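Results of the structural survey
Single-letter residue listing:
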Amino acid sequence: QVQLVESGGGLVQAGGSLRLSCAASERTFSRKSMGWFRQAPGKEREIVAAISWSGHGTYYANSVSGRFTISRDNVKNTVYLQMNSLKPEDTAIYYCAARPIDSPISAWYMEYDYWGQGTQVTVSS
């Protein structure tokens, strides 16, 4: 059973930056592709970014490409999301998620097995 714990959310002004972290409890973390998703009120959950187990493969939603960076540290069992040039439309609850062992990265939330509890990101204009 994988436990994922997000941190780093908060309130920031437009143009500012935040760094989200997601700590995993399980030893097989280094073999799992990971993703960051977000869900705003009244909207469906959407992919933000994903990273392969090795860290060499990444995927970004068009809306965040060039502003956000996903990375991971397999020694610390942690995946990060650096968010720069934040916009009010980035306001949402951000979730990290894990795919099954040895699975490739995916933008489809249904292909992720484990989810964190989420962390709120609020960007004021």
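Above this text is the structure in question.
Residues numbered from 1 in each chain as written. Predicted model: local features only at pLDDT ≥ 70, side-chain atom pairs only at ≥ 80, totals over all residues. Heavy atoms only, no water.

Remarks on the overall build of the protein
On a plain count of helices and strands, the protein comes out with 0 helices and 11 strands. If you list the helices and strands of the protein from N to C, you get β-β-β-β-β-β-β-β-β-β-β. Over its C-alpha atoms the protein spans a radius of gyration of 13 Å, differing by no more than 12% from the 14 Å that the globule rule assigns to 125 residues. Along the first, second and third principal axes, the C-alpha atoms of the protein reach 40 × 25 × 25 Å. Put simply, the protein has 125 residues, and 44% of those count as buried. When contacts within the protein are restricted to residue pairs at least 6 apart in sequence, long-range pairs at least 24 apart make up 59% of them. With an accessible surface of roughly 6400 Å², the protein has 48% of that area assigned to carbon and sulfur atoms. Taking the 12 positively charged and 10 negatively charged side chains of the protein as two groups, their mean positions are separated by 4 Å. (Helix = DSSP H or I, 4+ residues; strand = E, 2+ residues; numbered from the N terminus. Rg over C-alpha atoms; globule rule 2.2 N^0.38 Å. Buried < 20%, exposed > 50% of the residue type's maximum accessible area, 1.4 Å probe, protein only. Contact = heavy atoms within 4.5 Å. Areas by Shrake-Rupley, 256 points an atom, 1.4 Å probe, with all protein chains shown as cover. Lys, Arg positive; Asp, Glu negative; His and termini not counted. Charge placed at Lys NZ, Arg CZ, Asp CG, Glu CD.)

Notes on the environment of Glu 111
As for its placement among the helices and strands, Glu 111 is situated in the loop between β9 (92-101) and β10 (114-115). Once the C-alpha coordinates of Glu 111 and Ala 98 are considered, the two residues, 13 residues apart in sequence, prove to be 8.9 Å apart.

Some words on the sheet that holds strand β3 (residues 18-24)
Sheet architecture is open: 4 strands sit in the order β1-β3-β8-β7, paired in antiparallel fashion. Each end of this open sheet is capped by a strand with a single partner; those strands are β1 (4-7) and β7 (68-73). Across the sheet, the axes of successive neighbouring strands diverge by a mean angle of 15 degrees, strand direction being ignored. Pairing between β3 and strand β8 (residues 78-83): 6 bridges, direction antiparallel. In the sheet register, Arg 19 faces β8, and the bridge partner there is Gln 82. (Pairing = 2+ DSSP bridges. Axes fitted to C-alpha atoms, helices over the stretch in contact; angles between N-to-C directions.)

Quick notes on the side chain of Arg 99
With respect to the helices and strands, the residue Arg 99 is situated in strand β9. Reaching out from Arg 99, the side chain makes a polar contact with the backbone oxygen of Pro 104 at a distance of 2.7 Å. Residues contacting Arg 99, with those up to four places away along its chain left out, are Lys 32, Ser 33, Pro 104, Ile 105, Ser 106, Glu 111, Tyr 112 and Asp 113. (Polar contact = N/O pair within 3.5 Å; in protein donor to acceptor, adjacent residues only side chain to side chain.)

Observations concerning the pattern of salt bridges
Pairs may arise between side chains of opposite charge once their charged atoms sit close together. This structure, assessed with the given rule, holds 6 salt bridges. With its nearest N and O atoms 4.0 Å apart, the salt bridge here joins Glu 26 to Lys 32. Beyond isolated ion pairs, a larger network of salt bridges with shared partners links Arg 38, Glu 46, Arg 67 and Asp 90. (Salt bridge = Lys/Arg side-chain N within 4 Å of Asp/Glu carboxyl O.)

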